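Remarks on the overall topology
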Amino acid sequence: MSQDTSYYQRHIFFCLNQRDNGEDSCAQHRAQAAFDRCKSQAKALGLSGAGKVRVNKAGCLDRCAGGPIAVVYPEAVWYSYVDEHDIDEIVQSHLRDGVVVQRLLTPPDVGR
Ligand code: FES
């Protein structure tokens, strides 16, 4: 017997890591603003809540070279975004419609 144990349909995590030692990190590339934008857009489109979408903060996801970084589950799709237009596209295309935004995918070999 199998049971669907998922609580959210999709879950997006934004790296908001801030490094104070001079090394680059997602927080230095407006990650907080992108997180805020994603949260407000998901809410505005009625996507937020149980059975729908959750937008969460994360620490370093260890793919910093592709930053700023966000990852969507359950598909495990990694994004490197630039600005709020990219965020809006991720929200509308992937989080709402389930269509991956190919142009924003983090290249597979990008790590820290
Ligand atoms: S600092 Fe964002 S992935 Fe590492």
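Before reading on, note that the structure itself is shown above.
Every value quoted in this text rests on a predicted model; they were computed, and no experiment measured them. (Residues numbered from 1 in each chain as written. Predicted model: local features only at pLDDT ≥ 70, side-chain atom pairs only at ≥ 80, totals over all residues. Heavy atoms only, no water.)

A word on unusual backbone geometry
The residue after Gly67, namely Pro68, is reached through a cis peptide bond having omega 5°. Among the secondary structure elements, Pro68 is positioned in the loop between β2 (53–58) and β3 (69–73). Positive phi, normally seen in glycine, also occurs at Arg30, with a value near 60°. Examined against the element boundaries, Arg30 turns out to sit in the loop between β1 (10–15) and α1 (31–44). With a phi close to 65°, Asp62 is a non-glycine residue in the positive phi region. Tracing the sequence through the fold places Asp62 in the loop between β2 and β3. Residue class for Asp62 comes out partly exposed when judged on its relative accessible area of 44%. (Helix = DSSP H or I, 4+ residues; strand = E, 2+ residues; numbered from the N terminus. Buried < 20%, exposed > 50% of the residue type's maximum accessible area, 1.4 Å probe, protein only.)

Some words on the nonpolar core
Ile12, Phe14, Cys38, Val55 and Leu95 are the most contacted members of the largest nonpolar core, which has 27 residues in total. For this core, the element with the most residues is α1, which contributes five residues. Each residue touching Phe14, except ones within four places of it in the same chain, is listed here: Ala34, Phe35, Cys38, Val55, Asn56, Lys57, Ala58, Ile69, Ala70, Tyr81 and Ile87. (Core = buried A, V, L, I, M, F, W, Y, C linked by side-chain atoms within 4.5 Å. Contact = heavy atoms within 4.5 Å.)

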